[in-house]
Amino acid sequence: MKKIAVFPGSFDPITLGHVSVIKRALPLFDEIIVAIGNNSQKKYMFDLKQREGWIKGAFVNDNKVSVDIYQGLTIDYCEKKNAKFLLRGLRNQQDFEFERSIAQMNRKLNDEIETIFLFTDLEYAAINSTIVRDIIRNGGNADQFLPANISI
Ligand code: ADP
């Protein structure tokens, strides 16, 4: 059976931190679906199609990586895609506390799907989409935190 992982997130925008987690997870899975969660309650800085295009551009040479958009519960989306693994990145203790609760609740909702965590590479541990958005909003240059195909 194909080992499929879903890497869910807002990717507003995708950063080198996300890219690093995806690339390091590639040897573990047959396919990684980078899934942009579209939550109508949430305000995003970048348009959904824009975010999707940036992720596609960053993985244009990786045929194991696909990009999709979903609504609703991540765990339901994994089931729909026949993905038994949910991939998340961990940067720090805050991520850990938050992610632990989500992972444990998700396991209660569906115990056939395992959440797999990868610690971020040290050099990307400080990269955060919220701060990247602040830099861009204030006219700074965030290129060093973003994949080369993105220029804002
Ligand atoms: P969400 O809104 O679900 O937090 P994000 O797009 O911010 O979505 O993040 C998606 C995933 O990427 C999460 O697992 C998050 O911990 C991880 N992530 C975000 N930034 C980094 C980074 N710099 N290094 C590693 N993982 C990261």
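Look above for the structure.
Since the structure is predicted, the reported quantities are computational estimates derived from the model, not experimental observations.

J.: Looking at this structure, how should I read the environment of A83?
T.: For A83, the position within the fold is in the loop between α3 (74-80) and β4 (85-90). Residues A83 and K3 lie 80 residues apart in sequence; the distance between their C-alpha atoms is 7.1 Å. Setting aside residues no more than four positions away along its own chain, A83 makes contact with I4, V6, C78 and I113.

J.: Hey, could you run me through the layout of surface pockets in this one?
T.: By rolling a water-sized probe across the atoms, one finds the places where empty space is left. One number sums up the size of the largest pocket: a volume of about 1300 Å³. What lines the largest pocket is a set of 46 residues, among which P8, G9, S10, K42 and R88 lie closest to the centre. Mapped onto the lining of the largest pocket, the elements with two or more residues apiece are β1 (4-9), α1 (16-25), β4, α4 (93-109) and α5 (129-137). If one sorts the elements of the lining of the largest pocket by residue count, α4 sits on top with seven residues. Looking at the lining of the largest pocket residue by residue, the class counts come to 17 nonpolar, 20 polar and nine charged.

J.: Would you mind going over the nonpolar core with me for this structure?
T.: In globular proteins that are soluble, nonpolar side chains generally tend to be buried together. If you look at the biggest cluster of nonpolar residues, it comprises 31 residues, and the most contacted ones within it are F7, I14, I22, I32, I55 and F59. Excluding anything up to four places from it in sequence, I22 contacts F7, I14, I32, V34, F59 and V65. The next biggest cluster of nonpolar side chains, apart from the first, holds eleven residues, and it includes I4, A35, Y70 and Y77.

So, how was this worked out
- Each chain carries its own residue numbering, running from 1 in the direction its sequence is written.
- Where local features are concerned, this predicted model is filtered to residues with pLDDT of at least 70; where side-chain atom pairs are given and counted, the filter is 80 or more; whole-chain, interface and lining totals use all residues.
- Working from all heavy atoms in the structure, the side-chain values ignore hydrogens and water.
- Helical segments are the DSSP runs of H or I of at least four residues, strand segments are the runs of E of at least two, and each set is numbered from the N terminus.
- Should any heavy atoms of two residues lie within 4.5 Å, those residues are considered in contact.
- Definitions used throughout: a 1 Å grid over protein atoms alone; a cavity as a set of points that fits a 1.4 Å probe which cannot get out; a pocket as an open set with protein on both sides within 12 Å along at least five of seven lines; a lining residue as one with an atom within 4 Å of a point.
- Grid points are joined across faces, edges and corners, and a volume is the space filled by probe spheres set on the points.
- Under the scheme applied here, ten amino acids are nonpolar (Ala, Val, Leu, Ile, Met, Phe, Trp, Tyr, Cys and Pro), four are charged (Asp, Glu, Lys and Arg), and all others, including Gly, are polar.
- Grouping buried Ala, Val, Leu, Ile, Met, Phe, Trp, Tyr and Cys residues that are joined through side-chain atoms within 4.5 Å yields what is termed a nonpolar core.
- Classification of residues uses two cut-offs on accessible area relative to the type maximum, computed with a 1.4 Å probe and protein chains only: under 20% is buried, over 50% is exposed, and between them is partly exposed.

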